[in-house]
Amino acid sequence: MMKIHNSIVLSQSATTRPMFKTPRCRLLSDSVVHNSTMQPALASRHVAVIGAGAGGLVAARELWREGHKVVVFEREDQVGGTWVYTPKVESDPIGIHPNRTTVHSSMYESLRTNLPREVMGFRDYPFVAREGGEERDPRRFPGHKEVLMYLKDFSREFGVSEMVRLETEVVVVDAAEGGRWKVKSRSKGGGGVEDEIYDAVVVCSGHFTEPRLPQFPGINTWKGKQFHSHNYRNPEPFRDQVVILIGSSASAVDISREIAGVAKEVHIASRSVADETLQKQPGYDNMWLHSMIENAHDDGNVVFKDGSVVLADTILYCTGYKYHFPFLETNGTVTVDDNRVGPLYKHVLPPASAPSLSFVGIPWKVVPFPLFEFQSKWIAGLLSNRIALPSKEEMMEDVKTFYSLLEASGTPKRYTHNLGGCQFEYDDWIAAQCGCPVSEEWRKQMYSEVSKNKRARPETYRDEWEDDHLVLQAHEDFKKYTLNGVSNG
Ligand code: FAD
């Protein structure tokens, strides 16, 4: 049976629309500002949120705060998304077989956050250390379990848990009449398949599950074992082996060091070093940094661009992930091409369906939780008509200008959503749209200090730092939101 949920007009008097100038940034094109004087009535929409990870949880809270009616679909049996650690791995260790058993989370057993908790947390729900016995991890860079507990606290304290339908997978999202969306979901608990109509859909399904693999000559006939870091849990499978690890992300750095403790040799292949690079890693007798792989051979040998040859047992890909929305049927209005999800206005809205279809969490190389919070506030305000959007044509023009800027700067398509140095400008632009405070100065400075510290002390940055003055500033700021360490959000 099809259920239809209608949107409700809240009031005839809309609040003032914010009109702000876009900040300059290499990766952000100038925004078109909508300056119509017509102000539509405020509305409460019925919104489907797909996924109950950090993105879906904060989207649900912001939508609810704005007066919308929200249902969050979550296919797993608990909220938390990628922070729900599981020892289970997929049946295909490189994750390319279409019929493999899939596992959502990419967390490994020893993972500690790569951001300090002050920077990482939602803006008005600080990630402060909490009482709670041995279960809790008060460290500044805590383990993955503490992050999961934080997200569960958030979900419970803001009543989001009551909006979540657990073990319910969205299998199809399709355009329905009147600019609405048909959401087909399947519940595990014998509830069968259900079709419902929603005014809007917010996609928060995560993008750290579908492995991305590099291609190089000879790999298809190479006889060794291959893994993607999505299926890495601990170093045991690599004991006494010669391992080639490809990648240089935060996870690659952690995993290479962990494996070096048990493996015979670890050879790191990195795209970001010169071709002639071959360096023994300081502090290790069995770990080397190389340039990328040139080719692999049937006899197990792997040749690097630096000319060295390694007879390896295993290749471990720490090469990132692909955006993947198997449930989305948009007739080509949103596509994924070389890891560009597009066209998306400001990485959130496909112009043809804005704002009824939106995406939270697409940008990478960012501080995710606060960025999700800004994006969610924006989406919530757009859906209620409190915040205005440019016309579809103007949004499309903005996207095209952005793509041209990327091309002109030689940025590969697959880096479209890498905000890197622009992330705080991006956050602040959205904050201006929403009429809410921009990112805190201490957060920007702390992020920069931690990045420097990470480069200087890759082994110990989580336990040694010199930015205590910023920690004090953060805690001063948190007093606005916490009372005795407990949120009064
Ligand atoms: P997810 O957490 O992946 O949640 C998506 C949810 O959607 C999942 O629960 C999934 O089950 C559900 N879902 C998917 N498809 C469907 C469907 N069809 N129907 C219903 N439900 C569906 N960030 C930091 O801030 N600090 C860190 O230190 C850090 N370390 C990281 C380490 C690793 C190894 C990884 C992989 C990521 C790390 N991140 C870190 C980034 C992290 O991914 C984000 O912080 C954030 O948790 C992502 O949230 P999300 O909601 O976008 O996605």
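Only a predicted model underlies this, so the values are computations on that prediction, with no experimental measurement involved. (Residues numbered from 1 in each chain as written. Predicted model: local features only at pLDDT ≥ 70, side-chain atom pairs only at ≥ 80, totals over all residues. Heavy atoms only, no water.)

**Q** Got a minute to help me understand helix H1 (residues 54-65) in this structure?
**A** For the α-helix, the turn length of 3.6 residues means that residues three or four positions removed from each other point alike. Taking 1.5 Å as the rise per residue, H1 with 12 residues should run 16 Å; its terminal C-alpha atoms sit 17 Å apart, in good agreement. In terms of residue burial, H1 counts as a mostly covered element, since 10 of its 12 residues are buried. For H1, the full list of buried residues reads Ala54, Gly55, Gly56, Leu57, Val58, Ala59, Ala60, Arg61, Glu62 and Leu63. Where H1 is buried, its residues meet strand E4 (46-50), strand E5 (69-73), helix H3 (144-157), strand E10 (200-203) and helix H5 (368-383). Immediately beyond the C-terminal end of H1, within one or two residues, lies Gly67, with a positive phi of roughly 100 degrees. (Helix = DSSP H or I, 4+ residues; strand = E, 2+ residues; numbered from the N terminus. Expected span 1.5 Å × (residues − 1). Buried < 20%, exposed > 50% of the residue type's maximum accessible area, 1.4 Å probe, protein only. Contact = heavy atoms within 4.5 Å.)

**Q** Looking at this structure, I do not really get the sheet that holds strand E18 (residues 301-304). What am I missing?
**A** Backbone-to-backbone hydrogen bonds pair the strands of a sheet. The strands run either parallel or antiparallel. Taken in spatial order, the 3 strands of this open sheet run E17-E18-E19, and their pairing is antiparallel. The open sheet has two edge strands with one neighbour each: strand E17 (293-296) and strand E19 (309-311). When strand polarity is set aside, the average angle formed by the axes of neighbouring strands in this sheet is 25 degrees. The pairing of E18 with E19 spans 3 bridges and is classified as antiparallel. If you follow Val303 over to E19, its bridge partner there is Val309. (Pairing = 2+ DSSP bridges. Axes fitted to C-alpha atoms, helices over the stretch in contact; angles between N-to-C directions.)

**Q** Please explain unusual backbone geometry as it appears in this structure.
**A** Residues Gly342 and Pro343 are joined by a peptide bond in cis, for which omega reads -5 degrees. Mapped onto the elements, Pro343 comes out in the loop between strand E24 (340-342) and strand E25 (357-359). Cis geometry is found at the peptide bond from Ala354 to Pro355, where omega equals -5 degrees. If you trace the backbone, Pro355 turns up in the loop between E24 and E25. A positive phi is found at Asn331, a non-glycine position, where the angle reads about 50 degrees. Mapped onto the elements of the fold, Asn331 is located in the loop between strand E22 (328-329) and strand E23 (335-337). Positioned with a positive phi, Lys346 is a non-glycine residue whose angle comes to about 55 degrees. Position of Lys346 among the secondary structure elements: in the loop between E24 and E25.

**Q** Can you walk me through the packing of H1 against H5 in this structure?
**A** Angle between the axes and distance between the axes are the two parameters that describe a pair of packed helices. Direction vectors running N to C along H1 and H5 enclose 35 degrees, while the axes themselves pass 8 Å from each other. In the packing of H1 onto H5, the handedness of the crossing is right-handed. On the side of H1, the interface is formed by Ala54, Gly55, Val58, Ala59, Arg61, Glu62, Leu63 and Arg65, while H5 contributes Phe369, Phe372, Glu373, Ser376, Lys377, Ala380 and Leu383. Classifying every residue of the contact of H1 with H5 by side-chain character gives 8 nonpolar, 2 polar and 5 charged. (Left-handed = near helix turned anticlockwise from the far one by under 90°. Nonpolar A, V, L, I, M, F, W, Y, C, P; charged D, E, K, R; others polar.)

**Q** Would you mind going over the state of the cysteines with me for this structure?
**A** Structurally, a disulfide amounts to a covalent bond that connects the sulfur atoms of two cysteines. Tallying each qualifying case throughout the model produces 0 disulfides. The structure places no disulfide on Cys436, whose sulfur is separated from the nearest cysteine sulfur, that of Cys434, by 4.8 Å. (Disulfide = S-S within 2.5 Å.)

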